[in-house]
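Notes for the structure review
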Amino acid sequence: MLKTAVGWHVEMEFEEDGQHTRAVALVRLPDGSEVRAHGRASRHRTDSDQPRVGEEIAGARALNELAMQLLTKAHEEIDGASGRTSSPIHV
């Protein structure tokens, strides 16, 4: 049986101006560090105004960037602990 050792909470904030949506994703890690990432979406002038869609796209892009930063952080920690270059972690 698996036990939950730790939990992460990701915070998302959005800013919209009617044409663009910007998202910021933030996760605070148990070691006290924070990883922050940004995403952006643009609405084409002929598209209907659907703020939720812009949030989903910008949010997904921010979360994707957040995932890549966490993979990079993990590689650096593996390399630092082992003294060698780690193998790529594929998404």
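Please refer to the structure placed before this passage.
The rules behind these values
- Residues numbered from 1 in each chain as written.
- Predicted model: local features only at pLDDT ≥ 70, side-chain atom pairs only at ≥ 80, totals over all residues.
- Heavy atoms only, no water.
- Salt bridge = Lys/Arg side-chain N within 4 Å of Asp/Glu carboxyl O.
- Helix = DSSP H or I, 4+ residues; strand = E, 2+ residues; numbered from the N terminus.
- Buried < 20%, exposed > 50% of the residue type's maximum accessible area, 1.4 Å probe, protein only.
- Pairing = 2+ DSSP bridges.

**Some thoughts on the pattern of salt bridges**
Side chains that differ in charge, positive against negative, can pair when their charged atoms come close. With the rule as written, the count across this model stands at seven salt bridges. For the salt bridge of Arg28 with Glu11, the shortest nitrogen-to-oxygen distance reads 2.6 Å. Pair noted here: Arg28 is in strand S2 (residues 20-28) and Glu11 is in strand S1 (residues 10-16), with a separation of 17 residues, a long-range link. Among the residues examined, Arg28 registers a relative accessible area of 44% and is labelled partly exposed.

**Topic: the pairing of S2**
Bridge count for S1 against S2 is seven bridges, and the pairing is antiparallel. Looking at S2, one finds that Phe14 is bridged to Ala23. In textbook terms, the turn of a hairpin is the stretch between consecutive antiparallel strands, and for S1 and S2 this stretch comprises three residues, one of which, Gly18, has a positive phi near 95 degrees.

None of this, on its own, says anything about what the molecule does.
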